[in-house]
Amino acid sequence: ILELGYKIKPGDVVKYDGQTINAENKQYVLLNKPKGFITTMDDPMGRKTVMSLVKKACRERIYPVGRLDRDTTGLLLFTNDGDLAKKLTHPKYKATKIYHVEANKPVTLEDVEKMRAGLQLEDGLIKCDRVEYIESGGSREVGVELHSGKNRIVRRIFESLGYNVDKLDRVQFASLTKRDLPRGYYRHLTEKEVAFLKMS
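In this text the structure is predicted, and so the values were computed from the model without any measurement.

1. Some remarks on the packing of aromatic side chains
No. 1: Tallying each qualifying case throughout the model produces 1 aromatic pair.
No. 2: Seen from their ring centres, phenylalanine 158 and tyrosine 163 are 6.2 Å apart, and the 70° between their planes marks the pair as edge-to-face. Assigned by exposure class, phenylalanine 158 and tyrosine 163 land together as buried.
No. 3: Taking NZ or CZ as reference, lysine 48 lies 4.7 Å from the ring centre of phenylalanine 37, over its face.
No. 4: Over the aromatic face of tyrosine 163 sits the side chain of lysine 105, whose NZ or CZ is 5.2 Å from the ring centroid.

This is the structure we're talking about:
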């Protein structure tokens, strides 16, 4: 093929260096991560990784989009669609993440206002898009919405204000929610969900 921009058709055979290259089916798997698993492909220290929870999801090799730390539960997306993964983790895309935070003591209204206004952390200013008390949870439980992908950002926000986070659960990632997905289980995204993620 000498023509620039040639699109490969379903019947075409593509070879590189004598080896046939097969186009992989794109896979999109959503996991409700339990506590105690680290977000990595494999761990030399032998700790439990999220990959063990999705190993039967598909034949293709899928990768986590972003990360949740070991003690954080909730939504984690896996895919082999590099373009979508890049889009969802790029700050420009502003993928919304909503967390249910349970602090070790009541969160004051003054601190809620500080989170809304913006806090200076060691790696720059961070501002939450929304912070609300969770109705059934009392003042120790707060819902936090933000689009930052910075490492351990929610825990660091609370720690900077003098709180420890007892429980942290990601309840929404981009347009995806945990509805009907029990902890420790995964499901494949619908075509509609994938189209929505790509379109946003």
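2. Thoughts on unusual backbone geometry
What you tend to see is this: most non-glycine residues have negative phi, and most peptide bonds are trans.
No. 1: In this structure, lysine 94 takes a positive phi of about 55° despite not being glycine.
No. 2: Structurally, the position occupied by lysine 94 is in the loop between helix H1 (82-89) and strand S6 (97-103).
No. 3: For aspartate 180, which is not glycine, the phi dihedral falls at a positive 60°.
No. 4: Residue placement: aspartate 180 occurs in the loop between strand S12 (176-177) and strand S13 (186-188).
No. 5: For aspartate 180, a relative accessible area of 74% gives the class exposed.

3. Overview of the pattern of salt bridges
No. 1: In the structure shown here, the tally under the stated rule is 17 salt bridges.
No. 2: A salt bridge links glutamate 159 to arginine 152; the nearest nitrogen and oxygen atoms lie 3.6 Å apart.
No. 3: Among the residues examined, arginine 152 registers a relative accessible area of 37% and is labelled partly exposed.
No. 4: The salt bridge partner of arginine 187 is glutamate 193, with a shortest N-O separation of 2.8 Å.
No. 5: The class for arginine 187 is partly exposed, based on a relative accessible area of 22%.
No. 6: Salt bridges linked by common partners bring Asp69, Arg152, Arg155 and Glu159 together as one network.

4. As for the environment of aspartate 12
No. 1: Mapped onto the fold, aspartate 12 is located in the segment before strand S1 (14-16).
No. 2: Each residue touching aspartate 12, except ones within four places of it in the same chain, is listed here: Tyr6 and Lys7.

5. Quick word on the environment of proline 44
No. 1: Counting through the fold element by element, proline 44 comes out in the loop between strand S3 (28-33) and strand S4 (63-64).
No. 2: Spatially, the C-alpha atom of proline 44 lies 34 Å from that of leucine 125, the residues being 81 residues apart in sequence.

6. Regarding the environment of threonine 190
No. 1: Among the secondary structure elements, threonine 190 is positioned in the loop between S13 and helix H4 (191-199).
No. 2: Counting along the chain gives 183 residues from threonine 190 to lysine 7, while the straight-line C-alpha distance between them is 26 Å.

7. Description of the packing of H1 against H4
No. 1: Taken N-terminus to C-terminus, the directions of H1 and H4 make an angle of 55°; their axes are 10 Å apart at the nearest point. For the element pair H1 / H4, the angle class is oblique. Where H1 crosses over H4, the two elements pack in a sense that is left-handed. Between H1, through Leu84, Lys87 and Leu88, and H4, the contact on the second element is made entirely by Leu197, Lys198 and Met199.
No. 2: A per-class count over the contact of H1 with H4 returns 4 nonpolar, no polar and 2 charged.

The rules behind each value
Residues numbered from 1 in each chain as written. Predicted model: local features only at pLDDT ≥ 70, side-chain atom pairs only at ≥ 80, totals over all residues. Heavy atoms only, no water. Phe/Tyr/Trp six-rings, centres within 6.5 Å; stacked < 30°, edge-to-face > 60°. Buried < 20%, exposed > 50% of the residue type's maximum accessible area, 1.4 Å probe, protein only. Lys NZ or Arg CZ within 6 Å of the ring centre and 35° of its normal. Helix = DSSP H or I, 4+ residues; strand = E, 2+ residues; numbered from the N terminus. Salt bridge = Lys/Arg side-chain N within 4 Å of Asp/Glu carboxyl O. Contact = heavy atoms within 4.5 Å. Axes fitted to C-alpha atoms, helices over the stretch in contact; angles between N-to-C directions. Parallel < 35°, antiparallel > 145°, perpendicular 65-115°, else oblique. Left-handed = near helix turned anticlockwise from the far one by under 90°. Nonpolar A, V, L, I, M, F, W, Y, C, P; charged D, E, K, R; others polar.

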